[in-house]
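Below, each chain spelled out in residue letters.
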2 protein chains.
Amino acid sequence: MRRYRLAEPVYVTRPTMPSLARYSEKLEGVWRRRWLTNEGELHRELEGRLRERLGLEYVSLFCNGTIALMVALQALRTHGGEVITTPFTFPATAHVLFWNGIRPVFCDIDAETFNLDPRQIEPLISAETQAILPVHVYGTPCDVDAIQAIADRHGLRVLYDAAHAFGVEYHGRSLLSYGDASVLSFHATKLFTTVEGGALVSKTPEQFRRVNFLKNFGIADEDTVIGPGINGKLNELQAAFGLLQLETVDVEIANRQRLTDLYREQLTDVPGIIIRGDRPGVSHNYGYLPILVEPEKFGMCRDELCDSLREFNIFARKYFHPLCSHFPCYSALPSADPKRLPTAERVAGQVLCLPIYGELDRETVLAICETIRQLGRLGRTDSGGGR
Amino acid sequence: MRRYRLAEPVYVTRPTMPSLARYSEKLEGVWRRRWLTNEGELHRELEGRLRERLGLEYVSLFCNGTIALMVALQALRTHGGEVITTPFTFPATAHVLFWNGIRPVFCDIDAETFNLDPRQIEPLISAETQAILPVHVYGTPCDVDAIQAIADRHGLRVLYDAAHAFGVEYHGRSLLSYGDASVLSFHATKLFTTVEGGALVSKTPEQFRRVNFLKNFGIADEDTVIGPGINGKLNELQAAFGLLQLETVDVEIANRQRLTDLYREQLTDVPGIIIRGDRPGVSHNYGYLPILVEPEKFGMCRDELCDSLREFNIFARKYFHPLCSHFPCYSALPSADPKRLPTAERVAGQVLCLPIYGELDRETVLAICETIRQLGRLGRTDSGGGR
């Protein structure tokens, strides 16, 4: 199989960069003004453009999505007690609860969406529950209507970790408009990036104002600090990068969609590989390319496949393994018991995110798919077929 | 007095910028590598250069000083309970305690250094006390030996907020080498800047390792998350800026020293203006130019002087007013009672930071000093001399 090895390593993602010349040009005004951070001109411009692009009213930029999520809880006055969340997510989701003195309560996920399963939320609600923190994993919308109905019945806040959900629409409106607030990540590995960065989407003008105070230490004016804020500011160097990225993000989405279609076409009939299609009513962003590996049918397990692909210069990622409920700081919680999270446990053990980014070429995708197909065949032969 | 009005507004500080051409050149490698954050090559280079420049072994870069301070407490396992700190500081110092579930206990300051008064720390120590969090305000060293002696006697950690203390030496060694850890700020208003940014200085290799995990979500390797970390990463765009700033920081310090000398020479004999000299055993960084305004002797109070200076296009800043103990979120604490913090109350009411930055010219400093002198004279005349 040596012949399948790619000449250059291919990583799970790669940022599409504006030209350095255009970036430098964008910085000329920053150099002239010498205004480098604290709501600079490019910062304001980027907030405005994001409001337009996403069809939202209240967007606050942050230095990263994690700090935005941490501040969102404080903005929603969610402190102490418990919050119901998913274990199948990046560590940040659980950690921001820690920084707000909140105990995470892990809830199992839905086998189709890989998101919080609304049918399992209610039994976890206690007198201590403050909010629900679902994640739109890979940009796939949560069952937002069912979640809101539960929240309304119990008087809970809903804060969406929408780190992956840039530009996703659900039933014709921005997915970010659901719940009490949503948080985006603009990390370099994301579809739209400001290198590091993120944004908090507020629901009301009051919340928006408060968020903007909190991300600047709670400073309301020279003499007034309204509460325990933090430094969550995004600077002008990053805002400049974001403005240029925004010009190409729709081309990026279209390119990723074409590659996603190709992956689907190529992998659908590979035994033991599950690749999902589009969901009804959703305008996806194609930010990630997750597959599930069913070891018995495929011929090897996800970890073996991941390791084998590396030998072919293909660097896939096990997003999200391990589950947050496995981290030593959370594993002693009753809700972290693997027996209570069977779907999350299974998906975390089978999922693999394959390389996807706008500049990835079709030939490489074909080579990746063929390598997977061959590895499965080899695995099934080695183990006497199908085991 | 109209003739004293400056043609252009002069702010309290202004960053010395590398040329945009050199900055763009520095980014060429970043564009080539497409490695934008998560310990990139320039990030590693900057950490190395800072280690050399500051004469320290363990320097971890952060997206800003506040997040570094927040993580430092977690790195030192300081969570819950009480921490003794100064109210005369930027809001971040108190707020990071909130994010770690810690109750601040405010201690009065020394009238000479404006830093935590070691003689007043011990009566505030309770069974709940975890640590002392002093601030080297304006880069003036705290009484580090007295503080360490108290900490040792009571088994407390000492974490220095050294946001202003870049490059300061005390008794021939870096001021940042005292205590269990120190945190620097590289915000755009600082002597040395990465636009936003900061660094955590660790004492031991174990602490350094742990800090580096914690600033990246606690991720130790692909399968291990050691604890509730956060995103504290500094990106390549900022590291590039920092590398160029570092080349000129010593010139910046020298320039500020000359301007400080000029301010001292001009303001020493103005009635009611107190301007401090260098302290013995200290190699200062001249990052700030604080004066105290004694209203009875000067002829007007600090607030009046600050407002009046604006009319002359001089934008001084009331660092640090109001005291953290005045913020609504902390003012109900017993230790926040103004009667227990007489020196801090007085200094916060009298202090004013005058413009200082390397590119400020001597003529402007002379004009600022003359304006202050005239305003005082006018004030004393208006109020019938001296009242």
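Nothing here was measured: the structure is a model prediction, and the numbers come from that model.

## Considering the overall build of chain A
Right, on to step 1. Across its full length, chain A holds 11 helices and 17 strands.
Right, on to step 2. In terms of overall size, chain A behaves like a compact globule, its C-alpha atoms giving a radius of gyration of 22 Å where 387 residues would be expected to give roughly 21 Å.
Right, on to step 3. Reported as C-alpha extents along the three principal axes, the dimensions of chain A are approximately 75 × 55 × 40 Å.
Right, on to step 4. Taken across its 387 residues, chain A has 53% of its residues classed as buried.
Right, on to step 5. Across chain A, contacts joining residues at least 24 apart in sequence account for 71% of those joining residues at least 6 apart.

## So, the nonpolar core
Right, on to step 1. Ranked by internal contacts, the top residues of the largest apolar core, which has 246 residues, are Val71(A), Ala72(A), Leu200(A), Val71(B), Ala72(B) and Leu200(B).
Right, on to step 2. Those residues in contact with Ala72(B), other than ones at most four positions away along the chain, are Leu159(B), Ala181(B), Val183(B) and Leu200(B).

## What to know about the relation of the copies chain B and chain A
Right, on to step 1. At an RMSD of 0.0 Å, chain B and chain A line up after a rotation of 180° and a shift of 0.0 Å along the axis. Taken together, these values place the two copies in the relation of a two-fold axis. Minimal C-alpha separation from the rotation axis in chain B is found for Trp99(B), amounting to 2.8 Å.
Right, on to step 2. A shared binding surface is used by both copies, with 100% of the interface residues of chain B retained as interface residues in chain A.

## Re helix H11 (residues 362-382) of chain B
For an α-helix, the turn length of 3.6 residues means that residues three or four places apart are oriented alike.
All names here are of chain B.
Right, on to step 1. For H11, spanning 21 residues, the distance from its first C-alpha to its last is 30 Å, which sits close to the expected 30 Å at 1.5 Å a residue.
Right, on to step 2. All of the buried residues in H11 are Val-365, Ile-368, Cys-369, Thr-371, Ile-372, Leu-375, Gly-376 and Gly-379. In an axial view of H11, the angular spread of the buried residues amounts to 155°, which keeps them on one side of the axis. The exposed residues of H11 that point more than 90 degrees off its buried face are Arg-362, Glu-363 and Thr-381.

## Topic: the interface of chain B and chain A
Right, on to step 1. Contacts between chain B and chain A engage 44 residues on the former and 44 residues on the latter.
Right, on to step 2. Only helix H1 (20-33), helix H3 (65-75), helix H4 (91-99) and helix H7 (236-267) of chain B provide two or more residues apiece to the side of chain B that touches chain A.

## A few points about the packing of helix H7 (residues 236-267) of chain A against helix H11 (residues 362-382) of chain A
Residues and elements named next belong to chain A.
Right, on to step 1. Contact geometry of H7 with H11 gives a least axis separation of 10 Å together with a crossing angle of 30°. Relative to H11, H7 is oriented roughly parallel. You can see that H7 and H11 cross each other, and the crossing is right-handed. Contacts between H7 and H11 pair Leu-259, Leu-262, Tyr-263, Gln-266 and Leu-267 from the former with Arg-362, Val-365, Leu-366, Cys-369 and Ile-372 from the latter.
Right, on to step 2. Among the residues forming the contact of H7 with H11, the class breakdown is eight nonpolar, one polar and one charged.

## Looking at helix H3 (residues 65-75) of chain A
Residues and elements named next belong to chain A.
Right, on to step 1. Most of H3 sits out of view: 11 of its 11 residues are buried.
Right, on to step 2. Regarding H3, the residues found buried are Gly-65, Thr-66, Ile-67, Ala-68, Leu-69, Met-70, Val-71, Ala-72, Leu-73, Gln-74 and Ala-75.
Right, on to step 3. Where H3 is buried, its residues touch strand S2 (58-62), helix H4 (91-99), strand S6 (157-161), strand S9 (181-185), strand S10 (198-202) and helix H6 (205-214).
Right, on to step 4. Arg-77 occupies a position one or two residues after H3 and carries a positive phi of about 60°.

## Quick look at the pairing of S10(A)
One face of the sheet, then the other: side chains in a regular strand alternate in exactly this way.
Residue and element names in this part refer to chain A.
Right, on to step 1. By the criterion of burial, S10 is predominantly enclosed, with five of the five residues buried.
Right, on to step 2. Of the two faces of S10, the one holding Gly-198, Leu-200 and Ser-202 and the one holding Ala-199 and Val-201 are both buried throughout.
Right, on to step 3. Bridge count for S2 against S10 is five bridges, and the pairing is antiparallel. When the sheet's bridge partners are listed, Ser-60 is paired in S10 with Leu-200.

## Some thoughts on the pairing of S9(A)
All names here are of chain A.
Right, on to step 1. Counting buried residues in S9 gives five out of five residues, a clear majority hidden from the surface.
Right, on to step 2. What you see with S9 is no split at all: Ala-181, Val-183 and Ser-185 on one side and Ser-182 and Leu-184 on the other are buried throughout.
Right, on to step 3. Here three bridges tie S6 to S9, and the two strands are oriented parallel to one another. Bridge pairing in S9 places Tyr-160 opposite Ser-182.

## Digging into the sheet that holds strand S3 (residues 82-85) of chain B
Residues and elements named next belong to chain B.
Right, on to step 1. Sheet architecture is open: seven strands sit in the order S2-S10-S9-S6-S5-S3-S4, paired in mixed fashion. At either end of the open sheet lies a strand with only one pairing partner, and these are strand S2 (58-62) and strand S4 (103-106). Pairwise comparison of adjacent strand axes, ignoring direction, gives a mean angle of 25° for this sheet.
Right, on to step 2. Each of S2, strand S6 (157-161), strand S9 (181-185) and strand S10 (198-202) is contacted by H3, which is oriented at about 170° to S9, the strand it contacts most.

## Details of the domain arrangement of chain A
Residues and elements named next belong to chain A.
Right, on to step 1. When cut into domains, chain A gives domain 1 (2-14 + 248-382) and domain 2 (20-243).
Right, on to step 2. Distance from the C-alpha centre of domain 1 to the C-alpha centre of domain 2: 26 Å.
Right, on to step 3. On the domain 2 side, the residues contacting the 29 residues of domain 1 number 31 residues.
Right, on to step 4. Among the elements of the structure, H7, strand S14 (282-283) and helix H10 (342-350) are those that each provide at least two residues to the side of domain 1 that touches domain 2.
Right, on to step 5. Ranked by residues supplied to the side of domain 1 that touches domain 2, first place goes to H10 with five residues.

## A closer look at the environment of Arg157(B)
Residues and elements named next belong to chain B.
Right, on to step 1. As for its placement among the helices and strands, Arg-157 is situated in strand S6.
Right, on to step 2. The exposure class of Arg-157 is partly exposed, given the 19 C-beta atoms found within 10 Å.
Right, on to step 3. For the pair formed by Arg-157 and Arg-49, sequence separation is 108 residues and the distance between their alpha carbons is 28 Å.
Right, on to step 4. Excluding residues within four positions of it along the chain, Arg-157 makes contact with Leu-76, Thr-78, Gln-130, Ala-131 and Asp-180.

The rules behind the values
Position numbers for residues count from 1 along each chain, tracking the sequence in the order it is written. Lettering for chains starts from A, numbering for ligands starts from 1, and both go in the order in which the items are written. In view of the model being predicted, local features appear only for residues whose pLDDT reaches at least 70, and side-chain atom pairs are presented and counted only at 80 or more, with totals across whole chains, interfaces and linings using the full set of residues. Under the scheme used here, helices are H or I runs from DSSP no shorter than 4 residues and strands are E runs no shorter than 2 residues, and both carry numbers assigned from the N terminus. Computation of the radius of gyration draws on C-alpha atoms, with the globule rule given as 2.2 Å multiplied by the number of residues to the power 0.38. Partly exposed residues are those falling between the two cut-offs: more than 12 but fewer than 20 other C-beta atoms within 10 Å of their own, whereas 20 or more means buried and 12 or fewer means exposed, with C-beta atoms placed from the backbone. C-beta atoms are first placed from the backbone for all residues, and any pair lying within 7 Å is then listed as a contact. Only buried residues count toward a nonpolar core: Ala, Val, Leu, Ile, Met, Phe, Trp, Tyr and Cys, linked into one set through C-beta atoms within 7 Å. Alignment of the copies relies on least squares applied to C-alpha atoms, considering only residues that score at least 70 for pLDDT in both. Any helix carries an expected span of 1.5 Å times its number of residues minus one. As used here, the arc is the angular range of directions from the helix axis to the C-beta atoms. A fitted line through C-alpha atoms represents every axis, and for helices the fit uses only the stretch in contact; the resulting angles, taken between N-to-C directions, go from 0 to 180 degrees. Relative orientations are named as follows: roughly parallel for angles under 35 degrees, roughly antiparallel for angles over 145 degrees, roughly perpendicular for angles from 65 to 115 degrees, and oblique for any other angle. Crossings are assigned a handedness: left-handed for a near helix turned anticlockwise from the far helix by less than a right angle, right-handed for a clockwise turn. Lys, Arg, Asp and Glu make up the charged group, whereas Ala, Val, Leu, Ile, Met, Phe, Trp, Tyr, Cys and Pro make up the nonpolar group; the residues left over, Gly among them, are polar. Pairing between strands requires that DSSP locate at least two bridges from one strand to the other. An automatic or database domain assignment provides the domain bounds reported here.

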